Amino acid sequence: MRPQILVVDDEPGVRKALDRGLRAKGMDVTVAADGPTALRLARTGSFDAVLLDIMIPGLSGYRVLQELRSAGVTTPVLLVSAKDGEVDQADGLDLGADGYVVKPFSFVVLLAQLRAVLRRTAAGSTREPIRLGPLTVDRGARAVRYDDVDVPLSPREYALLVALASRAGTVWTKQELLTEVWGDEQAATRNVVEVYVGYLRRKLTAAGADGLVRTVRGQGYRLGGAP
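A short tour of the structure in this document, coming up. (Residues numbered from 1 in each chain as written. Predicted model: local features only at pLDDT ≥ 70, side-chain atom pairs only at ≥ 80, totals over all residues. Heavy atoms only, no water.)

Read across the open sheet, the five strands follow the order β2-β1-β3-β4-β5; overall the sheet is parallel. On the outer flanks of this sheet lie β2 (28-32) and β5 (99-102), each paired with one strand and no other. The average angle at which neighbouring strand axes cross in this sheet is 20°, direction not considered. (Pairing = 2+ DSSP bridges. Helix = DSSP H or I, 4+ residues; strand = E, 2+ residues; numbered from the N terminus. Axes fitted to C-alpha atoms, helices over the stretch in contact; angles between N-to-C directions.)

What follows is the structure, given as structure tokens:
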């Protein structure tokens, strides 16, 4: 499965360049432009790595990293900053960063660091599986099973299921799911949520999990619960 990378930077040009460059290297990319959005997305644990700029609006990259580690999220994080002082780098590493890249950076160097952290975590992950009755979402292996049946999902379908499963029984609005799963992608609309919920339902139904994802009229969607 293609690595899932969250790119967080408030500069549109940097986001676009990294999105294009990483996709060309076989990775799937979600982008965010501010700290609160980055924190919401990264908390799902559905990414293989995060490229996190320090100077972003809302919450600094340091604060986002601190909140993630306090919440037990172990996703590798590479901090990106124009600050190249030893103290700045030490602060980031002390908060739990897996690396530190100084702007302006060489894409080749950044890619090498990113691949290095991906290799270090490829052998296993400490992220606990989500188990809801016969449904198992193994976030380490990025695999989904219902009873003994594998449920093959696309990266976007998988991220949608992780979001719903992480708050099972809780209603998610379309806007919340759009922000959680698609982040700062300007082309995405709430209609795309409906489309992907449909894709996810069909694949779950094929595995015997008919009705697992429920529509709450006028509100949104939830995983499980009474009809």
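If you look at the biggest cluster of nonpolar residues, it comprises 30 residues, and the most contacted ones within it are Val 137 and Leu 164. Residue assignment for this core shows that the elements contributing at least two residues are β7 (135-138), β8 (143-146), α6 (155-166), α7 (174-182), α8 (190-206) and β11 (220-223). Examining the composition of this core, we find that eight residues originate from one element, α6, more than from any other. Filtering out sequence-adjacent residues up to four positions away, Val 137 remains in contact with Pro 129, Ile 130, Ala 143, Val 144, Tyr 158, Leu 161, Val 162 and Ala 165. Membership of the second largest hydrophobic core comes to 22 residues, among which are Leu 6, Val 8, Ile 56 and Val 77. (Core = buried A, V, L, I, M, F, W, Y, C linked by side-chain atoms within 4.5 Å. Buried < 20%, exposed > 50% of the residue type's maximum accessible area, 1.4 Å probe, protein only. Contact = heavy atoms within 4.5 Å.)

The full count for this structure, using the stated rule, is one aromatic pair. Both rings, one in Tyr 196 and one in Tyr 199, keep their centres 5.1 Å apart while their planes meet at 75°; by these two values the pair is edge-to-face. Residue Tyr 196 and its partner Tyr 199 are both found in helix α8; the two are separated by three residues, about one turn of the helix. Given a relative accessible area of 21%, Tyr 196 falls into the partly exposed group. By relative accessible area, Tyr 199 is classed as partly exposed at 34%. In this arrangement the basic side chain of Arg 167 is found over the ring face of Trp 172, its NZ or CZ atom lying 3.9 Å from the centre. (Phe/Tyr/Trp six-rings, centres within 6.5 Å; stacked < 30°, edge-to-face > 60°. Lys NZ or Arg CZ within 6 Å of the ring centre and 35° of its normal.)

To continue, consider the pairing of β7. Side chains Leu 135 and Val 137 of β7 all project onto a buried face; the interleaved residues Thr 136 and Asp 138 project onto a face where none is buried. Here three bridges tie strand β6 (residues 130-132) to β7, and the two strands are oriented antiparallel to one another. Along β7, the bridge assignment pairs Leu 132 with Leu 135. Taking the residues between adjacent antiparallel strands as the criterion, β6 and β7 are bridged by two residues, where Gly 133 takes a positive phi near 60°. As paired elements, β7 and β8 share four bridges and run antiparallel to each other. Bridge pairing links Thr 136 to Arg 145 in β8. If you look at the hairpin formed by β7 and β8, you'll find four residues sitting between the two strands, and Arg 142 has a positive phi there, around 55°.

Quick look at the sheet that holds β8 now. One open sheet holds the four strands; their spatial order is β6-β7-β8-β9, and the pairing between them is antiparallel. The open sheet is flanked by β6 and β9 (149-150), the only strands paired with a single partner. Across two bridges, the pairing between β8 and β9 is antiparallel. Its bridge partner lying in β9, Arg 145 is registered against Asp 150.

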